[in-house]
Structures are given as structure tokens and as C-alpha cells.
Amino acid sequence: QVQLVESGGGLVQAGVSLRLSCAASGSIFRINAMAWYRQAPGKQRELVAAITSGGSTNYADSVKCRFTVSRDNAKNTVYLQMNSLKPEDTAVYYCNAELQVNRNYEYNYWGQGTQVTVSS
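Novice: Tell me what's going on with the overall build of the chain, and back it up with residues and numbers.
Specialist: What the chain contains, in helices and strands, is 0 helices and 11 strands. Put simply, the chain runs from its N terminus to its C terminus through helices and strands in the order β-β-β-β-β-β-β-β-β-β-β. For 120 residues, the compact-globule estimate of 2.2 N^0.38 gives 14 Å, and the chain sits close to it at 14 Å. With respect to the principal axes defined by its C-alpha atoms, the chain has extents near 45 × 25 × 25 Å. The proportion of buried residues among the 120 residues of the chain is 38%. For the chain, the exposed area adds up to about 6,500 Å²; of that, 45% sits on carbon and sulfur atoms. For the chain, the separation between the mean place of its 11 positive charges and that of its 8 negative charges on side chains is 4 Å.

Novice: A description of the nonpolar core should follow, citing residues and the corresponding values.
Specialist: One finds Trp36, Val48, Phe67, Val78, Leu80, Met82 and Tyr93 to be the most contacted residues of the largest nonpolar core, which totals 28 residues. Counting only elements with at least two residues in this core, the list comes to β1 (2-7), β3 (18-26), β4 (30-39), β5 (46-51), β7 (67-72), β8 (77-82), β9 (91-100) and β11 (114-119).

Novice: Provide a residue-level description of the packing of aromatic side chains, including the pertinent values.
Specialist: Inspection of the entire model under this criterion finds 4 aromatic pairs. The residue whose ring lies beneath Arg45 is Tyr94, and the NZ or CZ to ring-centre distance is 3.7 Å.

Each value, and the rule that gives it
Residues numbered from 1 in each chain as written. Predicted model: local features only at pLDDT ≥ 70, side-chain atom pairs only at ≥ 80, totals over all residues. Heavy atoms only, no water. Helix = DSSP H or I, 4+ residues; strand = E, 2+ residues; numbered from the N terminus. Rg over C-alpha atoms; globule rule 2.2 N^0.38 Å. Buried < 20%, exposed > 50% of the residue type's maximum accessible area, 1.4 Å probe, protein only. Areas by Shrake-Rupley, 256 points an atom, 1.4 Å probe, with all protein chains shown as cover. Lys, Arg positive; Asp, Glu negative; His and termini not counted. Charge placed at Lys NZ, Arg CZ, Asp CG, Glu CD. Core = buried A, V, L, I, M, F, W, Y, C linked by side-chain atoms within 4.5 Å. Phe/Tyr/Trp six-rings, centres within 6.5 Å; stacked < 30°, edge-to-face > 60°. Lys NZ or Arg CZ within 6 Å of the ring centre and 35° of its normal.

Given below as C-alpha cells:
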């Protein structure tokens, strides 16, 4: 059984920072890519940022230069540092991981989501 648990969301004013965390636990052989997605009301879920096991990253254009994704492989944890938050960043943020439970099988897992609300 594998779980991804996010934390760090909340209600903040525009311009401030938040840091989201997502810890993976359970029967994990190896975690490959990890990512953050978000879904605003009435919109499709979109990729925010992703990071490979080697540390390569990519970002949505809307968050480049404001958000930073990082990971601690020893803790099976991925982080999203969000700076200069804007009202349009308001969404439920979901953690995603492509991980192997053994040498042969890779599965895709999602966290339960954490709400980020940015007021103007």
C-alpha cells in the first residue's frame, strides 16, 4: 500500500509565499518522477512542476521564476516552494508520483490534494 500525503496549503494574501510538501510512504522500491498538479474550480487539472529522480525539473509557464520544485530522495518527499503568489494560483494542489513497488512494475499515484487560496 502506497500513500502520498500533502501538507502546507492554506489561505494567504497575494504576494506571500507558501511551501507544500508531499511525503510518500508504504511499500516503495523506487520513486521515479514526482510532480505537482493543480485544479482550479471549473478548470482541468494542469501540471505545475515536475522533477525527475536525477533532479531535472520543468515548470508551467505561468509559474516559472516564482515556484521551485525540489525533492529529498532519502525522505521520499517532494516540495513546492511558491513565491509571489497570485489570486490565479488558487486551486487544489495534488502531488503525483511515478513509483515502483518492485523492480518490474511502475505505478502512478496521487495524493488527496491540498487547498491553496490566494486573496487579492
